[in-house]
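Geometric and topological summary
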Amino acid sequence: MSDAGDVVREFVDAFNAEDLDRLIGTLTDDIEIQTSRGLVQGHGEARRWATRNPSGYLHQRLVLDEVVENGVHAVATVHRQWFWRHSGQVADEQEVFYVATMRGELICRWQPFSDRADALRAAGSVSDRRG
């Protein structure tokens, strides 16, 4: 993986595939993932965070729309979908903007934003390519 966009794509693909080893391979040892339930730190907590409940009826997947890079940051525009396990039908969907902070070729911080402008500012005022 040669750039932040590639690493973010690998993270999202591994998350969706439930390939925890591959997902952990995109993260620094001291990763910080901001979640709705608080801060997740380190590989062990990241692995637990990404492990799906096998008895759950709803599952989550991330649909990556674009990645905008700015130095050590990348802003990922994502549709976070909750879908029914048995039918695959989408139950809920939200547009979310994640800022991935890189250290070398690995993600050291993953932080969600509900507003694109806020995510872009957090990533160093990357210009908004949408217009």
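Below you will find a few notes about this structure. (Residues numbered from 1 in each chain as written. Predicted model: local features only at pLDDT ≥ 70, side-chain atom pairs only at ≥ 80, totals over all residues. Heavy atoms only, no water.)

Relative to the helices and strands, threonine 35 resides in strand β1 (residues 27-35). Looking at threonine 35, its side chain comes within polar contact range of the main-chain nitrogen of arginine 37, at 3.1 Å. At a separation of 2.7 Å, a polar atom in the side chain of threonine 35 contacts the main-chain carbonyl oxygen of glycine 38. (Helix = DSSP H or I, 4+ residues; strand = E, 2+ residues; numbered from the N terminus. Polar contact = N/O pair within 3.5 Å; in protein donor to acceptor, adjacent residues only side chain to side chain.)

For the rest of this paragraph, the subject is the environment of valine 96. Structurally, valine 96 is set in strand β5 (residues 90-103). Sequence separation of valine 96 and arginine 9 is 87 residues, and the distance between their C-alpha atoms is 15 Å. Each residue touching valine 96, except ones within four places of it in the same chain, is listed here: Ala76, Thr77, Val78, Arg80, Pro112 and Phe113. (Contact = heavy atoms within 4.5 Å.)

Another aspect to go through is unusual backbone geometry. Located in the positive-phi region is glutamate 18, a residue other than glycine, with phi close to 60°. Structurally, glutamate 18 can be placed in the loop between α1 (4-17) and α2 (20-24).

Take the packing of aromatic side chains next. Using the criterion set out here, one finds four aromatic pairs in the structure. Connected via pairs of aromatic rings, a cluster forms that spans Phe11, Phe15, Trp49, Tyr98 and Trp110. Its guanidinium or amino end placed over the ring of phenylalanine 83, arginine 61 lies 4.0 Å from that ring's centre, counting from NZ or CZ. (Phe/Tyr/Trp six-rings, centres within 6.5 Å; stacked < 30°, edge-to-face > 60°. Lys NZ or Arg CZ within 6 Å of the ring centre and 35° of its normal.)

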